[in-house]
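Below, each chain spelled out in residue letters.
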Amino acid sequence: MIRRPPRSTLDRSSAASDVYKRQRLSCQLFYSWAQKSASAMNETISYLKGEFVPASKCVLPIYDLGIVLGAAVTDFLRTFHTEPYRIQDHVQRFYRSCKYAHIEPPVCIEESISISKTLIEHNSKIHPDHEIGLVYYMTAGENAVYAGGAGLNNAPTPTYVQHTFPMQFHLWRNIFLHGAQCVTPTPRHWPPQCLSSKIKNRNRLHMWIGEQEILQNNPDAMALYLDIHGNITETCGSNFVIYQDGKVISPQRANILWGISLTVLTEILSDMNIQFEERDLQLYDVINADEAWIPTTPYCLGPVTSINGTAIGDGKPGPMWRQILDHWSRIVDKDIYAETAKSTP
């Protein structure tokens, strides 16, 4: 296994450059081995604790702190034409999450990006007709007490994982055709006083419980979480905004995970001379909006057509949503609407 010395999470010093060149060479050797091994089985590869391994071998021990305590942060990106989209933004946010969680990444940002590109290059050949989704996952390491006879020391080394999967756009086809049906469950969103909303973490039990609650009554529903004061926050996998009177309104950023897709949306709105603002939103505002949308990494921007059973606008995906999605399509040189709306299993 490749062991890397502790270092700054944002950039590496010139004194360490030779060390990282040797480590990169080691990674290339591991990749060469994993590529041959996985290719023989037509299997994708993953990155686990300094090694490229066949995806079937990318597993964590039951005493990893990501499992024991949920002490883990994550991020996720997708490709367009098998090129990672906004990778710098995603990886930088991932490293900020690590710093907040007191988890020091064992490699620098540049090395993480290099690992990602290696995975995408190899795995896109296994799934040549698919875009690729890539997950970053880092835990605080392994729990020495729970490990028992495993002989671990008292200073856990963070567990760093990258893995990919082929994007299955048919899963979101109905959202593009008919719109998401959002429902607010009983569990409330974590207040930022307990855990910062700005980091992407794996502490999502409240979201799991909320989702199971609403799916009992509507298997097509999407949970939209309120905060403890009744303000709109976000869904489990996307931000939430409304369009009303010619402007787009988002919940306050202190109360949500500010998504990369939400950032892209603000850039597109600027290009289109559409006003964007942040303020507290309640159910009243959503019910009376002209349109509502969910910015998200997999399909960029989805329409929301109802909230708690009440139609938003005319209850159909709105024209402004489609205009923005078409603008986004021109940026990435791909028809995002067709990619999802016309997809099949």
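Residues numbered from 1 in each chain as written. Predicted model: local features only at pLDDT ≥ 70, side-chain atom pairs only at ≥ 80, totals over all residues. Heavy atoms only, no water.

1. Re the sheet that holds strand β6 (residues 159–166)
Formally: Any two strands between which DSSP finds at least two bridges are classified as paired. Helix numbering and strand numbering both begin at the N terminus, where a helix is a DSSP run of H or I of at least 4 residues and a strand a DSSP run of E of at least 2. Whether two residues touch is decided by their heavy atoms; if any such pair falls within 4.5 Å, the residues are in contact. Between N-to-C directions, angles span 0 to 180 degrees; the directions come from axes that are lines fitted to C-alpha atoms, helices contributing only their stretch in contact.
One open sheet holds the 6 strands; their spatial order is β2-β1-β6-β5-β3-β4, and the pairing between them is antiparallel. The sheet is open, and its two edges are formed by β2 (51–54) and β4 (83–84), each paired on a single side. Taken together, the 8 bridges between strand β5 (residues 132–139) and β6 define a ladder with antiparallel strand orientation. Directly across from Y136, in β6, lies its bridge partner Q162. Packing of helix α3 (residues 87–100) onto the sheet brings it into contact with β3 (72–80), β4, β5 and β6, and relative to β3 it is tilted by some 180 degrees. Packed on one face of the sheet, helix α4 (residues 109–126) meets β1 (45–48), β2, β3, β4, β5 and β6 and runs near 30 degrees to β6.

2. Focus: the packing of aromatic side chains
Going by this rule: A pair of aromatic rings is counted whenever rings of Phe, Tyr or Trp (Trp by its six-membered ring) have centres within 6.5 Å, and the orientation is called stacked for planes under 30 degrees apart, edge-to-face for over 60 and tilted otherwise. The cut-offs for exposure are 20% and 50% of the maximum accessible area for each residue type, with area from a 1.4 Å probe on protein chains only; residues under the lower value are buried, those over the upper are exposed, and the others partly exposed.
Scanning all chains against the criterion turns up 15 aromatic pairs. Their ring planes at 65 degrees and their centres at 5.6 Å tell us that Y47 and F52 sit as a pair that is edge-to-face. Classification of Y47 as buried rests on a relative accessible area of 1%. Each ring, one from F176 and one from Y337, has its centre 5.9 Å from the other, and the planes form 20 degrees; the classification is stacked. Of this pair, F176 sits in helix α6 (residues 173–178) while Y337 is found in helix α11 (residues 336–341), placing the two residues 161 residues apart along the sequence.

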